[in-house]
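Listed here are the chains, written in short residue letters.
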Amino acid sequence: MSAATLLRSLLAYQAWANDELLENLAGLDPRRNGVEHRAALRLMNHIHVVSRIFAAHLTGAAHGYASDNTEETPEPAELRAALTQNDRWYLDYLETVSEQQLAEPVAFTFTDGDKGCMTRQEMLTHVVLHGSYHRGEIGRMLAAIAVTPPWDTYAVHLHQVEPSRRLHCEPEPLDA
């Protein structure tokens, strides 16, 4: 499996997981669970902002962010649309770069002024893992208020988008 193929699968997983969680959050009553609702939206906005920052790093553009979140919290529908658009951008971006370009290091500056250097492949991987980490935080917050979070795992995603995977694989024999 090529790096681009794996990244495409991971970025598709990210888009699915973001949408699943935002759908779940849409059912959360902000009057009853205001603290958790706001914290979840803040974390999802943080995921979005960091993704936009890294998209700018990947393209060599200025991102315009002074920190890794915005002062204002977007409305849920606005945030969902922004994340959906951003997730699409990453999938489209991956179609424009070669395996060689994925291995190229890119120098950049973090919002706190520290210098960084990562390959494009590492940046794309970071974006996926960063989002997964924070969605996990939100899942724990939801569970603490007796709201069942979505089952946000890569394996669930793969089997949901390709149900035939459950039928094609035979378990490998255990070595004796």
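Here is what the cut-offs are and how they apply
- Residues numbered from 1 in each chain as written.
- Predicted model: local features only at pLDDT ≥ 70, side-chain atom pairs only at ≥ 80, totals over all residues.
- Heavy atoms only, no water.
- Phe/Tyr/Trp six-rings, centres within 6.5 Å; stacked < 30°, edge-to-face > 60°.
- Lys NZ or Arg CZ within 6 Å of the ring centre and 35° of its normal.
- Axes fitted to C-alpha atoms, helices over the stretch in contact; angles between N-to-C directions.
- Helix = DSSP H or I, 4+ residues; strand = E, 2+ residues; numbered from the N terminus.
- Parallel < 35°, antiparallel > 145°, perpendicular 65-115°, else oblique.
- Left-handed = near helix turned anticlockwise from the far one by under 90°.
- Contact = heavy atoms within 4.5 Å.
- Nonpolar A, V, L, I, M, F, W, Y, C, P; charged D, E, K, R; others polar.
- Salt bridge = Lys/Arg side-chain N within 4 Å of Asp/Glu carboxyl O.
- Buried < 20%, exposed > 50% of the residue type's maximum accessible area, 1.4 Å probe, protein only.
- pLDDT = per-residue confidence, 0-100.
- Core = buried A, V, L, I, M, F, W, Y, C linked by side-chain atoms within 4.5 Å.
- 1 Å grid on protein atoms, 1.4 Å probe; cavity = no way out; pocket = protein on both sides within 12 Å on 5 of 7 lines; lining within 4 Å.
- Points joined across faces, edges and corners; volume = space filled by probe spheres on them.

> Please clarify how the packing of aromatic side chains should be interpreted in this entry.
The geometry of an aromatic ring pair is captured by the separation of the ring centres together with the interplanar angle, meaning the angle of the planes. Evaluation of the coordinates by the stated rule reveals five aromatic pairs. A centroid spacing of 4.9 Å and a plane angle of 75° characterise the contact between Phe108 and Phe110, whose relative ring orientation is edge-to-face. The ring of Trp89 carries Arg52 above its face, with NZ or CZ at 5.6 Å from the centroid.

> Just checking my understanding: could you explain the packing of helix H1 (residues 3-26) against helix H2 (residues 34-59) for this structure?
Axes are the key here: two packed helices are described by the angle between their axes and the distance separating the axes. Where H1 contacts H2, the axes come no closer than 11 Å and their chain directions differ by 160°. Looking at the two axes, H1 sits roughly antiparallel to H2. The chirality of how H1 crosses H2 is left-handed. Contacts between H1 and H2 pair Asn18, Leu21, Leu22 and Leu25 from the former with His37, Ala40 and Met44 from the latter. Of the residues in the contact of H1 with H2, the class split is five nonpolar, two polar and no charged.

> It is not clear to me how the pattern of salt bridges should be interpreted in this structure. Could you clarify?
Proximity of charged atoms lets side chains of opposite charge pair with each other. A full pass over the atoms with the stated rule returns six salt bridges. A salt bridge links Arg80 to Asp19; the nearest nitrogen and oxygen atoms lie 2.9 Å apart. Linking Arg80 in helix H3 (residues 76-94) with Asp19 in helix H1, this pair joins segments that are 61 residues apart in sequence. Two residues, Glu104 and Arg120, come together in a salt bridge whose shortest N-O distance is 3.6 Å.

> Can you help me understand the side chain of His37 in this one?
Considering the arrangement of structural elements, one finds His37 in helix H2. On the basis of relative accessibility, which here comes to 12%, the residue His37 falls in the buried class. Setting aside anything within four residues of it in sequence, one finds His37 in contact with Leu25, Leu28, Pro30 and Pro76.

> Quick question: what am I supposed to make of the confidence of the model for the protein chain here?
A low pLDDT means the predicted coordinates there should not be read in detail. Mean pLDDT for the protein chain: 90, with 91% of residues reaching 70 or above. Per-element confidence in the protein chain is highest for strand S2 (residues 115-119), whose mean pLDDT is 97, and lowest for helix H7 (residues 165-168), whose mean pLDDT is 68.

> Explain the environment of Thr125 to me, please; I cannot follow it from the model alone.
With respect to the helices and strands, Thr125 occurs in helix H5 (residues 120-144). Taking the C-alpha atoms as reference points, Thr125 and Leu7, separated by 118 residues in sequence, lie 7.2 Å from one another.

> I would appreciate a short explanation of the nonpolar core in the present structure.
Nonpolar side chains in soluble globular proteins tend to be buried together. By size, the foremost hydrophobic cluster in this structure holds 24 residues, and its most contacted members are Leu11, Phe54, Tyr90, Leu94, Leu102, Met123 and Leu124. If you list the elements that add at least two residues to this core, you get H1, H2, H3, strand S1 (105-109) and H5. When residues of this core are assigned to their parent elements, the largest contribution, seven residues, is made by H1. Judged by nonpolar contacts, the second largest core, of 14 residues, contains Leu22, Ala40, Leu41 and Leu79.

> Explain the layout of surface pockets to me, please; I cannot follow it from the model alone.
Left-over empty space is what a probe sized like a water molecule reveals as it rolls over the atoms. Computed from the structure, the largest pocket encloses a volume of approximately 180 Å³. If you trace the largest pocket, you find it lined by His46, Val50, Ile53, Phe54, His57, Asp68, Phe110, Thr111, His126 and His130. Every element with two or more residues in the lining of the largest pocket is listed here: H2 and H5. Element by element, the count of residues in the lining of the largest pocket is highest for H2, at five residues. Of the residues in the lining of the largest pocket, the class split is four nonpolar, five polar and one charged.

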